Structures are given as structure tokens and as C-alpha cells.
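# What the coordinates show
Below, each chain spelled out in residue letters.
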Amino acid sequence: MWVLAGRGWRRGRALAPRTASLGPLGPGSAHTRPAAACPWAPARHYRPADHQENFDMSRFPADHIRNFSIIAHVDHGKSTLADRLLELTGTIDKTKNNKQVLDKLQVERERGITVKAQTASLFYNCEGKQYLLNLIDTPGHVDFSYEVSRSLSACQGVLLVVDANEGIQAQTVANFFLAFEAQLSVIPVINKIDLKNADPERVEKQIEKLFDIPHDECIKISAKLGTNVERVLQAVIEKIPPPKVHYKNPLRALVFDSTFDQYRGVIANIALFDGVVCKGDKIVSAHTQKSYEVNEVGILRPNEQPTHKLYAGQVGYLIAGMKDVTEAQIGDTLYFHKQPVDPLPGFKSAKPMVFAGMYPTDQSEYNNLKSAVEKLTLNDSSVTVHRDSSLALGAGWRLGFLGLLHMEVFNQRLEQEYNASVILTTPTVPYKAVLSSAKLIKEYREKEITVINPAQFPDRTKVTEYLEPVVLGTIITPDEYIGKIMMLCQARRAVQKNMVYIDQNRVMLQYLFPLNEIVVDFYDSLKSLSSGYASFDYEDAGYQSAELVKMDILLNGNIVDELVTVVHKDKAHAVGKVICERLKDSLPRQLFEIAIQAAIGSKIIARETVKAYRKNVLAKCWLKEKRTMMKRKFRMEWQGPQGMLKVDFGARAWCPNRMDWKTLLRASKRSLN
């Protein structure tokens, strides 16, 4: 690799070869050239992809391997703790610029949140033994909980990080129970003890009361300052068990994540449960039954670092020449050719909570957008894709997301990573309808149908009842905001299920919400009412019967399918009025009148009108009158000092002398102009 050294007094050495700045065990090795030996040389920045020396992974037996994830609520310091662990183990150099090192996506940098789970392999010496620690940094927002559940499948333990100032939040509870259900070891870590208002003792009591973890097992740290972080690594080695694997069994590897590279094809992140894999092996996908030859294996530090082999219990990446994005399925099992094994359980399919239509801004870009969506869904398997079409917008897709933020991030990644411009329709939730007649059941081939497109919502005469999705929402808030939050929940048709004080000042509320009531603006309203102190998390709770109606939006009597929505019967009038008002503000005026109507069946429940542009027939009359008035003023001026002048604003002025006439004329000209 050659790098440009820049202009200097030694022109003959403008190009200097890049040398490896790291040895096989990380920074500080004997192979690093001192900077003083060549003062004119440029600064060298190490990139693991340029480092060609492979690691020998055979020196890490299973009992010297620890696989763990970091889980927490949003903004409790997961990524900062991961940065300190990378520095402490020598994986990256210790600099002031190490902020969110594992957050590689542009959208993560801009929004300041973790969107994609990232993996890094750390080498750590403890009591004379060298350990391999495989760390997975996970997102904290509820919309990316599927990333957390997939990451936990490759781990044997977790670090549960809690903010010493804010205490336990809603997503903290949800992530803990994900780890608890997976039977993983949980190490509680109380972060941000350096803050002025930090109260780690109060957080210890919360953890002991809610999670039944003794307070003396909590580790108090400051990830920002690096205080007590070394103790976290020691706890990982002591409390998290090594993976249970078998080296002599045939290969069995789980694909828990994947990305697409334009030149190398699919890069699969794998966790080996049995056997050994190396370059040149022939493997088979249990999902597609296709055979591949392994081109490269390695570990992530945190960028890709090739190795000779990967052994059971280790986590790394694999490249096998998969050029089609449909060939790599997350949750797939890889095994040796002619040595079939029982597939691993894989992952439970993500259940979309929000659906939206996506269409290219120009139909000529359809194929490019299709390729971009396929590549991005390979990296984000929680998105579901169904082909769709519209008379107004053309061919497109109906995409399912886990939440509104998930939809926004997916759209932003399309724009940033693939330069794709799309049109997104209003987000909706999936409904169910129970059909009433045997003829309809035979036509649809099932009695209960799921409707993801409001335009296809069946008429009331065809069904016995409608079902809407509901979620069990958890709200943790200071007790002073309980009254306002209860009123908000009741306005959203929620039913209270539980109320528990987790300490003297904080309350955990549980409500059963209709999903349609919280999917758009509930979180913003909750934060506004609680001054930002309340947190919210939800989980699927099935379906319940509801009085639903299909509301059509008409423009000059024509139904617009893209604007059709499904609402509760009691809120139809208010919702229809709001939509009509917003459309009136958004639609440009035309030379004809535009009637905007909201209708349920044949009944109009709201209407707004965009007035047409009209020809100003009085403009010429006003111009003629203006000229006539000016002529009259000058004529009266020469007729004598006494006269009457009718000014433009309708008043009459009496001018006793000639000088006052001139002053008044100048003022009249200014007002007319």
C-alpha cells in the first residue's frame, strides 16, 4: 500500500510504502517503526484490512473464550463503555477522538444512537492467561430490539448498563428479560458515577428490587473517564461461562448478521458451535442447499482481520462468494459439504408493527431502488417486503418496520448509502378481519385475513368483526407526572394493567395500548408532559376486537388510495378534519377549485376547499381611477388656492394656500405608490 507523503525538501521520497504499525497481538509490538527515525515520513494510520499477517486462533481453547453483549437503555453509555474496553485491551490506540468507534454508519453518527449491532474481538491477559473476548455492542431503542435478540444468540452473558443519574428505564427492563429468557449470565454495571447528580446507591436498590440481583454484584464505573473499567473485564472472565462446544464434531455455524460488499459479495458474521472452518473448505447453506467454497475467514478488531482458521466457540466473519443477496439468510446454518448436521434453531421472525408504501420518485429508477432495498434488507432482516403498485405513484413495495424510528432510519440509509430518493406513504398498522360467509372464506382461503394496506380494507358487510393490534406498554416516570400521563393514556384508549413503585420517587406503569394510538406521536407527547424524564417501551400483546371504519380521502370527488386510512369509529370525525386541513395547507392553488373531503362510505364527515386563482377584473379600473385622480389634483392646483381634493384613502382635505397643495400632492403620490 502506498500513501502520498506530501511535498517536502526531499522530493525523491514523496511516495513512501505503508508499513504495518501493529504486530500480531496489537499495538506496541516490536515491528512498529519509531517516528523519530524518519522525521519527514507522513503519519501512518493503521487499518486492519491492510495488515496481511494472520492470527493463530488455535491458541484460544474454549475455556479461554468469553462471548458477551452490552445491553442498556438509550444513552446510558453502551458505546462509550465499548470504546474504553477496546482501548484497555489494546485493540485501538488511546486517543481523544475515540467516540462511538463501533458506530460505523453515517446515520448513527448524525443521530447519536446505535442502530446496528457491531462485533469486536478483544485479546486480554488475566493472571498470566490470554483470553479472547468477543464483544457485541447492541442498540438501545425499542425499534431495534430485534438486533438485540439476534446478538444474544451468539453470547453466554451480558453487561447490563444502567445510568447512575436516570436509573432503570423502560428499555432496561425489556433488555434484561430478553437476556433472562435466553438464560444468560447478567453483570449489572452502573455507569456515569462521575456526574454531579449521580446516585448509584439508589440505582443499586432498584436493580435489587426489580431484577433480584444482590447490590454487592453491581460494578460502579465511569466509562467516560475510564474509572473502574478494568474490573468489568475481570468480571466478564469470572462470571460469564465459556461456550459449550465440540471441536471434533462436523462444522455447524450460525449466521447471525451479514452485509453486502460490491466486490466480495456477502460477508456473513458467524458464531461457530461445532467444528473448524478455514479457507478452501466447501460448505453448504441449510436454507438454500447451495454449495460454496470459503474464500476468507477472520475476526473483527473491529475491522476485518483475516485468520488461518476459526474454531468452535469463536465469533468471526466468513466470505464464500455469495453474490446474490437472497443466498445469505440471517439465522441460516452452514455445514461441510457431504457432512450434513441438524440445523440450529435460528431466530424467531420479526413481527412488523408499522407498514408504509415505498415508491421511487421516478419509475425509471425502479430497478436501482429494487437492488438497493434487497441489499439493505440483507443487513436489516427485520424489514419485510411485499410488492405493491399504485395508479398515482406506480410500482413499489409495501414495507413492514418495527417502529416509526426504524422506518426513518431505513429511509435515511437508502439515501446515504445508495443515493436513492423515494416516496413514503403514511405509516399504518396491520389489522385483521373475520369473514362472515363461507363463499368469502373459500375465496380468501382462510377465515381471518390480515390487512396491511388500508385501501384493501374489507367492507363491514363482509366481516363479522374487526381486530386491531394491541401492545403492552411500560412507562417509567417520576411520580409527580402520574396524573398527566394517566390522562394521556386514557385519551389513547389505553387500559391500565399494573402500577408499581420501583423506589420512593419513580413509578412503573403498564398499559394495554391499541398500536395505532402510539405509533406516530405518543412518545413525543409523553416526553413533553414529563419534561423528558419518562421512558417508554412496548411489546406485542396480540389482537382485540374494535369498532374500526375505513376513511376515504377524496379530491374533487375522486378517491386517492394513498391517503386512505383506517381509524376508530369514535375518532373518525376529528382525524378526518385534521387530514383535510393539512391537505389544504399542502396542496398548491390551481385555476380551478379543489374540494378536499373525508368520507366513511357515502357519508362526508369533513370538508375543506382550496380556492381557485381568479382574474382580478378590478385591476384595470383601479389603475384608470388612479390616473384620473392625479389629473384632477393637478388641475385643481392651478384653479386656485381654495379647492377640495379627494385623496385615495377617502378623506377630504382643505388646503388654504398653494404651498400646502404641493406638500399634500407629494404625500398622496407616496400613498398611491
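Before reading on, note that the structure itself is shown above.
Worth saying up front: this structure is predicted, and the values here are computed from it rather than measured. Sequence positions are assigned chain by chain, starting from 1 and proceeding in written order. Restriction of local features to residues with pLDDT of at least 70 applies here, the model being predicted, together with a cutoff of 80 or more for giving and counting side-chain atom pairs; totals for whole chains, interfaces and linings are based on all residues. The side-chain values count all of the structure's non-hydrogen atoms but skip hydrogen atoms and water molecules.

## Structural notes on the overall build of the protein
The way it works is that DSSP assigns letters per residue, a run of H or I at least four long becomes a helix, a run of E at least two long becomes a strand, and they are numbered from the N terminus. A tally of regular secondary structure across the protein gives 15 helices and 35 strands. Among the 673 residues that make up the protein, the fraction classed as buried is 49%. Any pair of residues with heavy atoms lying within 4.5 Å of one another is described as a contacting pair. Restricting to contacts in the protein with at least 6 residues of sequence separation, those with at least 24 account for 67%. Surface summary for the protein: the accessible area is close to 34,400 Å², and the carbon and sulfur share equals 50%. Throughout this description, buried means an accessible area under 20% of the type-specific maximum (1.4 Å probe, protein chains only), exposed means over 50%, and partly exposed covers the range between. To be clear on the numbers: accessible area is Shrake-Rupley with a 1.4 Å probe, and residue cover counts the displayed protein chains and nothing else.

## Regarding the layout of surface pockets
Definitions used for this entry: grid spacing 1 Å over protein atoms alone; cavity, a set of points where a 1.4 Å probe fits but cannot get out; pocket, an open set with protein on both sides within 12 Å along at least 5 of 7 lines; lining residue, one with an atom within 4 Å of a point. Grid points are joined across faces, edges and corners, and a volume is the space filled by probe spheres set on the points. Roughly 1,200 Å³ of internal volume is contained in the second largest pocket. Along the wall of the second largest pocket there are 39 residues; nearest its centre are Thr426, Val520, Thr565, Val575 and Ile579. Listed by contribution, the elements that provide at least two residues to the lining of the second largest pocket are β20 (384-390), α11 (515-518), β31 (565-568) and α13 (572-586). A total of seven residues in the lining of the second largest pocket trace back to one element, the largest contributor, which is α13.

## Regarding the pairing of β20
Any two strands between which DSSP finds at least two bridges are classified as paired. One ladder, built from seven bridges, connects β20 with strand β21 (residues 394-401); its direction is antiparallel. Note on β21: the bridge partner recorded for Val385 is Leu399.

## Digging into the sheet that holds β21
Judged by pairing direction, the sheet is antiparallel, and its four strands sit side by side in the order β20-β21-β19-β22 without closing on themselves. Two strands close off the open sheet at either side, each with one partner strand: β20 and β22 (422-424). Neighbour to neighbour, the strand axes of the sheet diverge by 30 degrees on average, direction disregarded. To get an axis, a line is fitted to the C-alpha atoms, and for a helix only the part in contact is used. The angle between two axes follows their N-to-C directions and goes from 0 to 180 degrees. The strands touched by helix α7 (residues 366-379) are β19 (354-360), β20, β21 and β22; relative to β21, the strand with the most contacts, the crossing angle is about 15 degrees.

## Topic: the packing of α7 against helix α8 (residues 404-418)
Closest axis-to-axis distance for the α7/α8 pair is 11 Å, and the angle between their directions is 115 degrees. Like other packed secondary-structure pairs, α7 and α8 cross with a definite hand, here right-handed. Every residue of α8 that contacts α7 at Leu369, Ala372, Val373, Lys375, Leu376, Thr377 and Asn379 is listed here: Phe410, Arg413, Leu414, Glu417 and Tyr418. Each residue receives one of three labels: charged for Asp, Glu, Lys and Arg, nonpolar for Ala, Val, Leu, Ile, Met, Phe, Trp, Tyr, Cys and Pro, and polar for the others, Gly being one of them. Counted by class, the contact of α7 with α8 contains seven nonpolar, two polar and three charged residues. By convention, the crossing between two helices is left-handed when the near helix turns anticlockwise from the far helix through less than a right angle, and right-handed when the turn is clockwise.

## With respect to the environment of Gln305
Tracing the sequence through the fold places Gln305 in strand β15 (residues 304-306). Sequence-wise, Gln305 and Tyr317 are 12 residues apart; in three dimensions their C-alpha atoms are separated by 9.1 Å.

## Observations concerning empty space enclosed by the protein
Per the counting criterion, the structure on display carries six cavities of 30 Å³ or more. By volume, the largest cavity amounts to about 100 Å³. What lines the largest cavity is a set of 15 residues, and nearest its centre among them are Val115, Phe144, Glu147, Asp380 and His406. Where the lining of the largest cavity is concerned, the elements lending two or more residues are α3 (145-152) and α8. Broken down by element, the lining of the largest cavity gets its largest block of residues, four residues, from α8. When the residues that make up the lining of the largest cavity are grouped by side-chain class, the tally is six nonpolar, three polar and six charged.

## With respect to the pattern of salt bridges
By definition, a salt bridge exists where a carboxyl oxygen of Asp or Glu is found within 4 Å of a side-chain nitrogen of Lys or Arg. Applying the stated criterion across every chain, the model contains 21 salt bridges. Put simply, Glu408 and Arg111 hold a salt bridge, and the shortest N to O gap is 3.8 Å. With a gap of 297 residues between them, Glu408 in helix α8 and Arg111 in helix α2 (residues 106-111) connect regions that are remote in the sequence. When the shortest N-O distance is used, the salt bridge between Lys432 and Glu448 registers 3.6 Å. Taken as a pair, Lys432 in strand β23 (residues 431-435) and Glu448 in strand β24 (residues 448-451) lie far apart in primary sequence, 16 residues in all. Salt bridges linked by common partners bring Lys116, Glu147, Arg150 and Asp257 together as one network.

## Some words on a positive patch on the surface
A grouping of Arg589, Arg607, Lys611 and Arg614 is seen on the molecular surface, where their side chains present a positively charged patch. If you trace the backbone, Lys611 turns up in the loop between β33 (603-610) and α14 (618-639). Two distance rules govern patches: like charges are joined within 9 Å, and nonpolar side chains (Val, Leu, Ile, Met, Phe, Trp, Tyr) within 5 Å, applied only to residues with over 30% relative accessible area and no salt bridge. The charged-residue count follows a simple rule in which Lys and Arg add positive charge and Asp and Glu add negative charge, with His and chain termini not counted at all. In this description, the location of a charge corresponds to atom NZ of lysine, CZ of arginine, CG of aspartate or CD of glutamate.

## Details of the packing of aromatic side chains
Centres within 6.5 Å make a pair out of two Phe, Tyr or Trp rings, where for Trp the six-membered ring is used; the pair is then stacked when the planes are under 30 degrees apart, edge-to-face when over 60, and tilted otherwise. Scanning all chains against the criterion turns up 15 aromatic pairs. An aromatic cluster of at least three residues, connected via ring pairs, comprises Tyr511, Phe513, Phe522, Phe536 and Tyr538. A positively charged side chain is recorded as over a ring if its NZ (Lys) or CZ (Arg) lies within 6 Å of the ring centre. The angle to the ring normal must also be within 35 degrees. Above the plane of the ring of Phe123 lies Arg59, whose end atom (NZ or CZ) is 5.9 Å from the centre. One residue, Lys432, lies across the ring of Tyr543, its end atom 4.5 Å from the ring centre.

## Description of a negative patch on the surface
Taken together, the side chains of Glu208, Asp212, Asp216 and Glu217 present a region of like negative charge at the surface. Structurally, the position occupied by Glu208 is in helix α5 (residues 200-211).

## Describing the pairing of strand β5 (residues 129-137)
When you tally the buried positions in β5, you get seven out of nine residues, the bulk of the element. As paired strands, strand β3 (residues 65-72) and β5 are joined by six bridges and run parallel to one another. Pairing of Ile65 across the sheet is with Leu132, part of β5. Both strand β4 (residues 118-126) and β5 contribute to a ladder of nine bridges, which runs antiparallel. When the bridges of β5 are listed, Leu122 appears paired with Leu133. In textbook terms, the turn of a hairpin is the stretch between consecutive antiparallel strands, and for β4 and β5 this stretch comprises two residues, one of which, Glu127, has a positive phi near 55 degrees.

## Details of a nonpolar patch on the surface
A surface patch of nonpolar side chains, about 390 Å² in accessible area, is lined by Leu591, Phe592 and Tyr613. In this fold, Tyr613 is placed in the loop between β33 and α14. Tyr613 sits in the partly exposed class, given a relative accessible area of 48%.

## Focus: unusual backbone geometry
For the bond from Arg301 to Pro302, the omega torsion is -20 degrees, close enough to zero to count as cis. Along the chain, Pro302 turns up in the loop between β14 (296-300) and β15. Phi at Asn228 is positive, roughly 65 degrees, even though this residue is not glycine. Summarising the element assignment, Asn228 is placed in the loop between β8 (219-220) and α6 (229-239). For Asn419, which is not glycine, the phi torsion reads 55 degrees and is therefore positive. Relative to the helices and strands, Asn419 resides in the loop between α8 and β22. Residue class for Asn419 comes out exposed when judged on its relative accessible area of 70%.

## Side note on the nonpolar core
Nonpolar core, defined: a set of buried Ala, Val, Leu, Ile, Met, Phe, Trp, Tyr and Cys residues in which side-chain atoms within 4.5 Å join the residues together. Counting 36 residues, the largest nonpolar core has Ile475, Phe513 and Phe522 as the members making the most contacts within it. Secondary structure elements with two or more residues in this core: β23, β24, β25 (463-478), α10 (482-491), β27 (506-514), α11, α12 (522-529) and β28 (535-546).

Purely geometric numbers; function is a separate question.
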